[in-house]
Amino acid sequence: MSVQPQMPKSWRSETKPHKFCPGCGHPLILKALGEVIDELNIADRTVFGCDIGCSLLAWDFFNVDTIQTHHGRTTPVIVGLRRANENVIGIAYMGDGGGYAIGSQHLVNSAARDEKVFVLLANNTQYGMTGGQMAPTTLPGQKTETSPYGRDTELTGPPVQGPEMVAAISGENAYVARGTVGNVRQLKKFIKKAIQNVMEGRGFAFVEALSLCPTNWRTNAEDTWKFVEKDMATYFKVGEIKVPGEKKEG
Amino acid sequence: MQKRVVEAYIGEYASGKSENAVNRALELAREGEKVVLADLDLVEPFYTLRPIKKLLEEKNIEVIAWETQQVMGLGEAGSVLKPEMRWVLKKEGNIILDIGYGVEGAKVLNLLEGFQDNPHLKIYVVVNIARPATATVRDIVDYVQKLGNVDGLINNTHVGDDTDVKTIQEGARVVTAAAKELNLPVIHTTAEKRLQGELGVSDICGNPVRYIDRYMPQTFW
Amino acid sequence: MTKPIEGEKKVFMTGNEVVAWAALAAGAEIMYGYPITPQNEIMHYWTRMAPKYGRKFLQTEDEISAGFTCTGGVLAGKRAFTATAGPGNTLMQEPMSMAEMMRIPTVLIVCQRGGPSTATVIYSQQETTMTCYGGNGEGFRIVYSTATHQELFDYTIKAFNTAWKYRFPTFVLGDGYQSKMRESLSIYDPEARNIEMVRAEPYVVKGGVPGENRDPAHLRNTYNMEEELYEVIMDHAREYEKIAPEIIEYEEYECDDADVLLVAHGVVSRAAKGAVKELRQDGKKVGHFKPVTLRPFPEKELLERAKAAKQVIVIESAYGQLDKLVKSHLYGCSTPIAQYFRPGEGITIEEVVQETKKYL
């Protein structure tokens, strides 16, 4: 007797099993996203955009209208769409290379203009699809194919603090958080609040999800989790960074 | 200083501000008057006085405008205010100001020292009803009201080489009606010299006609 | 809401305003743009008028974004457009290549300026190759090159219809001279001339629930296998070849008995036409052929005229961009082809007359 794994309704069963590597963090993020789409019952008006990089493997992942764009350009495509049709719930899904390197101007300016779109970014500290090159998020000392002796922060700067940057430049009604696939329940909560923020037309929403890439990290299961929960957590603080309506002292 | 002329020509994009300003400056120069003509166009770097600066100077007009060779990266480095321009109202003699278009309208005059308390300054709005944004009485009234304080309207209705008297008279009717609503005078109607025989000394509404030569087609970039 | 233009009227305006009015008249719903000279007044006039007619505008962070947001607007089912020039056109090639691959009917107005690089903000015809064949692709695009304000108005309206009818990205190739020149033209409501606007339709969020009562739209531009891509491109190629004869436009002036055929496009064709007029008065057998569509190119028509002539002269404000197009389409024609290139400079009637006389 075979037991089908529990899948969100908004996942497209015809395209499962999915195409991500074993142990990849993307399916965990996309599961959280899929469950939120189900719970909010918004599959009919959601447009999911995916980037180049591993995120593009999600191009036929959902029972949701999907546009696979160019590297770094998912944000402007979704922004243009949402501007033209305000009923759309636009989700731009990308990796750390797409969001913080080649597409950083789009992330920065969309946040600054307070576009009513949700940018969901998977941070796995390197370029997975092209073979594990250094990314803006690569940790100090971390070896990648283009930092073979370990990332030298003197030469290449420190890891980019994406959500902190977005929080600093976005309007007061933006929602910004960093979650982790190490705590999917919390990540899902952040994604839900982010989508609600754009659904209600309040403002921009951004969630970075610390993700897993055992393939390029060359790690076994134990070390994979250790890397995301210990090493990455040292540089990237998990939690909500900006919540609309929340007054802060100081 | 009794007869001193200080006039600023403003108006919608491509309404004929520069053409009217140039012709007015030339008219004063022909009368032997000292004339300063200043190009205060900050939005667009083309169709300005720059290319005919030499020609105007030969006709005894002091022109304050950039020369192409003086600017770097025309249109790329922005429209830079020529420092002399700030002090133009302190100059002696007659002053004609060619004000460019832009959403700030007559506010560009704030850049000039002594603008607020110059007793001679008259601001004239140049209107061409063949320009869709100022095609009707309503449009003109709305447009002029947004400009700030002005002293009169000029009917500069034309459609380039295809202009005929009928076009100009229609412009006179609309501009005069708008002026009435705005409680402003129509200073004159502008027409090319080739229409002088047919049009006469005043237009259908009794506004004087000022005949001009067209210089601006030479000033393209 | 009232129409931007009722019926038809004679007006006097600059080329950039013409584009803004044409886009309004065509029912364009949203413009995406980024400032660059000599394109700016298209945005200036669009932003002044758009709110009065319920239209929208987004100023983006760069031309890459203007192009991609424009594809987003089109995917939402709106008549969306953008406009640019020079280095902006270079950046625009990335989104336009996506539009080409995904058959997204974007409309892009190009106001050619001097190049390469920053060069001048003034004028050239140096964006001909890029507009026709830019990006990593095959040039499955439709490019209208205009010469007068009337054409600028007519073809901007037409661009929306061609784009949405055939679903290829469509370009109106103007230039800095046309942008800033002032001349009279008739502007009109397309309906008043019985021009029916092709309906724009959404590619996504088309109603219904994906996975329940319809399949989700899964739109992509990435393929895995050579064979898979080959099929997609060949489909596009077959479609493009099929529709080309319906799209091709050109203008002939005194070509019937012409020994010398002047080939020029865009604003330069005004000088070519003027030269033909002048030389004809002296009894010289000179004619002018103007391709209006540069993509697809009126190959058959030009070939016929070129074969009948003794000399072809290609005249352009670039160093051989139209010339390359012409030569590739005149393959097999033995009529000699001469060139008159003025990269980044305007060309006058007198120059063309003088140049043509060398071959008479």
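Just so it is clear, the structure is predicted and the values come from calculations on it, not from any experiment.

**As for the overall build of chain B**
From N to C terminus, chain B includes 6 helices and 8 strands. Considering chain B as a whole, with its 221 residues, one finds that 46% of them fall into the buried category. Taking the intrachain contacts of chain B between residues at least 6 apart in sequence as the baseline, contacts between residues at least 24 apart amount to 71%.

**Focus on the overall build of chain A**
A count of helical and extended segments in chain A gives 9 helices and 9 strands. Considered along the principal axes of its C-alpha atoms, chain A spans approximately 60 × 50 × 35 Å. Buried positions account for 57% of the 250 residues belonging to chain A. Long-range pairs, those at least 24 residues apart, make up 68% of the contacts in chain A between residues at least 6 apart in sequence.

**Quick notes on the domain arrangement of chain B**
Residue and element names in this part refer to chain B. Taken domain by domain, chain B consists of domain 1 (1–125) and domain 2 (128–212). On a C-alpha basis, the centroid separation for the pair domain 1 and domain 2 is 21 Å. Among the elements of the structure, α1 (17–30) and β5 (121–127) are those that each provide at least two residues to the side of domain 1 that touches domain 2. Examining the composition of the side of domain 1 that touches domain 2, we find that 4 residues originate from one element, β5, more than from any other. Residue classes in the side of domain 1 that touches domain 2 are distributed as 6 nonpolar, 5 polar and 4 charged.

**Concerning the sheet that holds strand β7 (residues 170–175) of chain C**
Residues and elements named next belong to chain C. Read from one edge to the other, the open sheet built from 7 strands follows the order β3-β2-β4-β5-β7-β6-β13, with strand pairing classed as mixed. Each of the sheet's edge strands pairs with one partner strand only, and the pair in question is β3 (56–59) and β13 (293–295). This sheet shows a mean twist of 20 degrees between the axes of neighbouring strands, independent of strand direction.

**Focus: the nonpolar core**
Formed by 240 residues in total, the largest nonpolar core has its most connected members in Leu37 of chain B together with Leu262 of chain C. Those residues in contact with Leu37 of chain B, other than ones at most four positions away along the chain, are Ala21, Val22, Ala25, Leu49, Leu56, Ile61, Val63, Ile96 and Asp98 of chain B.

**With respect to the interface of chain A and chain C**
By convention, interface size is frequently given as the accessible area that disappears when the constituent parts associate. Every contact between the two is made by 31 residues of chain A and, on the other side, 35 residues of chain C. With 8 residues, helix α2 (residues 74–84) of chain A is the single largest residue contributor to the side of chain A that touches chain C. Here the side of chain A that touches chain C is composed, by residue class, of 14 nonpolar, 10 polar and 7 charged. Bridge count between strand β2 (residues 65–68) of chain A and strand β9 (residues 218–219) of chain C: 2 bridges; the pairing is parallel. Across the sheet, residue Ile67 of chain A finds its bridge partner in β9 of chain C, namely Leu219 of chain C.

**Some details on the sheet that holds strand β9 (residues 239–242) of chain A**
Picture the strands of a sheet paired through backbone hydrogen bonds; they go either parallel or antiparallel. One open sheet accounts for 8 strands, arranged β9(A)-β7(A)-β8(A)-β4(A)-β3(A)-β1(A)-β2(A)-β9(C); its pairing is mixed. Edge positions in the sheet fall to β9 of chain A together with β9 of chain C, since each has one partner strand and no second. As paired strands, strand β7 (residues 175–180) of chain A and β9 of chain A are joined by 3 bridges and run antiparallel to one another. The residue of β9 of chain A that forms the bridge with Val176 of chain A is Lys242 of chain A. Docked against the sheet, α2 of chain A engages β1 (46–50), β2, β3 (89–95) and β4 (118–123) of chain A, running at close to 175 degrees with respect to β3 of chain A. Across the sheet, helix α6 (residues 162–169) of chain A lies against β4, β7, β8 (205–210) and β9 of chain A, angled at about 170 degrees from β7 of chain A, the strand it touches most.

**Focus: helix α9 (residues 221–235) of chain A**
All names here are of chain A. Between its first and last C-alpha, α9 extends 21 Å over 15 residues, near the 21 Å set by a 1.5 Å rise per residue. In the structure, α9 departs most strongly from a straight axis at Phe227, where the bend amounts to approximately 35 degrees. Residues of α9 that are buried: Phe227, Val228 and Met232. Where the residues of α9 are buried, they touch β7, β8 and α8 (214–217).

**Overview of unusual backbone geometry**
Cis geometry marks the peptide bond from Lys16 of chain A to Pro17 of chain A, where omega comes out at 0 degrees. Within the secondary structure, Pro17 of chain A is located in the segment before α1 (26–40). Here the bond from Thr37 of chain C into Pro38 of chain C is cis, since omega is 5 degrees, no more than 30 degrees from zero. Looking at where Pro38 of chain C falls in the secondary structure, it is placed in the loop between β2 (30–33) and α2 (40–49). A positive phi is found at Arg103 of chain C, a non-glycine position, where the angle reads about 55 degrees. Among the structural elements, Arg103 of chain C can be located in the loop between α4 (86–102) and β5 (107–112). One non-glycine residue, Ser117 of chain C, lies in positive phi territory at about 65 degrees.

**Points about the packing of helix α1 (residues 15–25) of chain C against helix α6 (residues 149–166) of chain C**
Residues and elements named next belong to chain C. Contact geometry of α1 with α6 gives a least axis separation of 8 Å together with a crossing angle of 30 degrees. In this view, α1 runs roughly parallel relative to α6, as classed from their interaxial angle. α6 is crossed by α1, and the crossing has right-handed handedness. Of the residues in α6, those in contact with Gly15, Val18, Val19, Trp21, Ala22, Ala23 and Ala25 of α1 are His149, Leu152, Phe153, Thr156 and Ile157. By residue class, the composition of the contact of α1 with α6 is 9 nonpolar, 3 polar and no charged.

**Re the pairing of strand β6 (residues 142–145) of chain C**
All names here are of chain C. Neither face of β6 is exposed, since Ile142 and Tyr144 on one face and Val143 and Ser145 on the opposite face are all buried. Crossover connection from β6 via α6 to parallel β7: handedness right-handed. Pairing of β6 with β13, which is carried by 2 bridges, proceeds in the antiparallel orientation. Each residue of the ladder has a partner; that of Val143, found in β13, is Arg295.

**Some points on helix α9 (residues 268–281) of chain C**
Residue and element names in this part refer to chain C. Look at α9: 20 Å from first C-alpha to last across 14 residues, which is about the 20 Å you get at 1.5 Å a residue. Here α9 has its buried residues at Val268, Ser269, Arg270, Ala271, Ala272, Lys273, Ala275, Val276 and Leu279. As for α9, its buried residues are in contact with β10 (250–253), β11 (260–263), β12 (286–291), β14 (311–316) and α12 (349–357). Following α9 by one or two positions, Gly283 has its phi on the positive side, about 80 degrees.

**Details of the arrangement of the chains**
Where the 2 pairs of chains in contact are concerned, the greatest contact count is recorded for chains A and C. Nothing in chain A touches chain B; the tightest C-alpha to C-alpha distance between them is still 22 Å.

**Here's the deal with the environment of Lys242 of chain A**
Residues and elements named next belong to chain A. On the secondary structure map, Lys242 appears in strand β9. The class of Lys242 is buried, set by 23 C-beta atoms lying within 10 Å. Residues Lys242 and Asp44, spaced 198 residues apart in sequence, show a C-alpha to C-alpha distance of 28 Å. Once you skip the residues sitting within four places of it in the chain, Lys242 turns out to touch Ala167, Ser170, Ala174, Tyr175 and Val176.

**Details of the confidence of the model for chain B**
Confidence along chain B averages 87 in pLDDT terms, with 90% of residues attaining 70 or more. Of the two predicted TM-score estimates for the complex, the pTM is 0.92 and the ipTM is 0.91.

**Describing the environment of Gly80 of chain A**
By the secondary structure assignment, Gly80 of chain A is in helix α2. Residue Gly80 of chain A is classed as buried on the basis of its C-beta count, with 33 C-beta atoms lying within 10 Å. Residues Gly80 of chain A and Ala221 of chain A, 141 residues apart in the sequence, show an inter-C-alpha distance of 40 Å. Those residues within four positions of Gly80 of chain A in sequence are excluded, and the remaining contacts are Tyr32, Phe68, Thr69, Cys70, Thr71, Gly72 and Gly73 of chain C.

What counts and how
- Residues numbered from 1 in each chain as written.
- Chains lettered and ligands numbered in written order.
- Predicted model: local features only at pLDDT ≥ 70, side-chain atom pairs only at ≥ 80, totals over all residues.
- Helix = DSSP H or I, 4+ residues; strand = E, 2+ residues; numbered from the N terminus.
- Buried ≥ 20, exposed ≤ 12 C-beta atoms within 10 Å, placed from the backbone.
- Contact = placed C-beta atoms within 7 Å.
- Domains from an automatic or database assignment.
- Nonpolar A, V, L, I, M, F, W, Y, C, P; charged D, E, K, R; others polar.
- Pairing = 2+ DSSP bridges.
- Axes fitted to C-alpha atoms, helices over the stretch in contact; angles between N-to-C directions.
- Core = buried A, V, L, I, M, F, W, Y, C linked by C-beta atoms within 7 Å.
- Expected span 1.5 Å × (residues − 1).
- Bend = angle between axes of the 7 residues up to and from the residue.
- Parallel < 35°, antiparallel > 145°, perpendicular 65-115°, else oblique.
- Left-handed = near helix turned anticlockwise from the far one by under 90°.
- Right-handed = clockwise from strand over helix to strand, strands pointing away.
- pLDDT = per-residue confidence, 0-100.

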